[in-house]
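Inside the fold
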Amino acid sequence: MRVLVTGIGGFVGPWLAGALRAHGHEPHGLVREGDAPPEGVPTHTADVTRRPEIEAVLRYVRPAAIVHLAAVSFVPEADDAPETAYRVNVGGTVALLAADRTVATDARVLVVGSSDAYGAVRREELPITEDVPFRPLSIYGATKAAADVAAGQWARGYGLDVVRVRPFNHTGPGQRASFVCAAIARQIARIERGEQEPVLSVGNADPVRDFSDVRDIVEGYVALLERGTSGEAYNLCAGEGVSVAEVIALIRTHARVPLRAWSDPARRRAVDVERIVGSHARTSVATGWVPRIPLAETLRDVLDDWRRRRD
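Since we're looking at a predicted model, the values are computed, not measured.

**Things to note about the packing of aromatic side chains**
What the rule picks out here adds up to four aromatic pairs. Ring centres of Y118 and F168 lie 6.2 Å apart, and the angle between their planes is 35°; this geometry places the pair in the tilted category. Of the two residues, Y118 is situated in the loop between β5 (108-112) and α5 (139-158) and F168 in the loop between β6 (162-167) and β7 (170-171); the sequence distance between them amounts to 50 residues. Residue Y118 shares its accessibility class with F168, and that shared class is buried. Relative to Y158, the ring of W154 has its centre 4.7 Å away and its plane inclined at 65°; by these criteria the two rings are edge-to-face. Pair noted here: W154 and Y158 are both in helix α5, with a separation of four residues, about one helical turn. The lysine or arginine in question, R101, covers the ring of Y158, its NZ or CZ lying 3.8 Å from the ring centre. The ring centre of W306 lies 3.7 Å from the NZ or CZ of R309, which sits over that ring.

Here it is in structure tokens:
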């Protein structure tokens, strides 16, 4: 089937395009002016917050499905520009759904949310299922919670074929150094080249997170496009908790030089949840999807990627 992917020029987009092709689908991309889309993917330019522009693309492409990746996805960026985060993450989602309803493509829409929407999770609620209520702590989490609620309303109220997905932390080759695993890998690559002192600067290394490989996550997106239930919400996660300190320990086994880690107070978040671990049981039962790539392998690939990138 023909699948239109918004935000295809970001970290996840190229991986998703490859996964769609591997499963016999035809990816198309929606990009902003000036974005660099994946090679070989037909792309169409529009601002995701402008409904008439999206409608024009939908009329031209006539997709059988849409994956909505486009978002302000970095927590500090959302904190610095909350108006933009709400406009893109919430307004962009609503504009896309309204355009889809107007054009009447009958396309399945996979709205990509985030585990950050769960926010202040209590210990007794772990592992996090899709029934845990949203208590977002960050601007980013709040925008993703609002977009998720809106998507559910459009499915119930207007009968759109909408599937909501809530991915937990994921990483892999190509991720920018704003995110923790990529930031650590970039520093190690710089240390190996003699461009940085042999000290890793990190924030709070104690919080436990549920890290997945981006290649597993995009397989989950394809599985939900093909076999997810309309109107339902699904977690995508590894189902295992790993602290940032454990991430450092794992990735250090691949380092070519000795180094140590230092917790920089300037990198610490003002509010941090102690432990976030999800359950992918609903997704696995519905689609057969399970995470397959071990975190140690993912981190090795991220480090090798930064050795090649040299930036």
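The rest of the description comes next.
**Side note on the pattern of salt bridges**
Inspection of every chain in the model, using the stated rule, returns 24 salt bridges. Residue D213 is joined to R215 by a salt bridge in which the shortest nitrogen-to-oxygen separation is 2.8 Å. Each of E130, D131, E232 and R282 takes part in salt bridges that share partners, so that together they form one network.

**Brief notes about unusual backbone geometry**
The omega torsion of the bond from L126 to P127 falls at -10°, within 30 degrees of zero and hence cis. Tracing the chain through its elements places P127 in the loop between β5 and α5. At R62, a position not held by glycine, the phi torsion is positive, near 50°. Within the secondary structure layout, R62 lies in the loop between α2 (51-61) and β4 (65-68). Residue class for R62 comes out partly exposed when judged on its relative accessible area of 45%. Its identity is not glycine, yet D106 carries a phi of approximately 60°, on the positive side. The residue D106 is located in the loop between α4 (82-103) and β5 in this model.

What counts as what
For every chain, the first residue of the written sequence is number 1, and numbering continues from 1 along that sequence. For a predicted model such as this one, the threshold for reporting local features is a pLDDT of at least 70, and the threshold for listing and counting side-chain atom pairs is 80 or more; totals across whole chains, interfaces and linings nevertheless cover every residue. With hydrogens and water excluded, all non-hydrogen atoms of the structure serve as input to the side-chain values. When the centres of two rings from Phe, Tyr and Trp lie within 6.5 Å, Trp using its six-membered ring, the rings pair. Their planes under 30 degrees apart give stacked, over 60 give edge-to-face, and anything left gives tilted. A run of H or I in DSSP becomes a helix once it reaches four residues, and a run of E becomes a strand once it reaches two; helices and strands are each numbered from the N terminus. Only protein chains enter the accessibility calculation, which uses a 1.4 Å probe; a residue is then buried when its area is under 20% of its type maximum, exposed when over 50%, and partly exposed in between. Here, a charge over a ring means that NZ of Lys or CZ of Arg falls within 6 Å of the ring centre while also lying within 35 degrees of the ring normal. Salt bridges are counted wherever a side-chain nitrogen of Lys or Arg sits within 4 Å of a carboxyl oxygen of Asp or Glu.

By themselves, these observations are geometric and do not establish any function.
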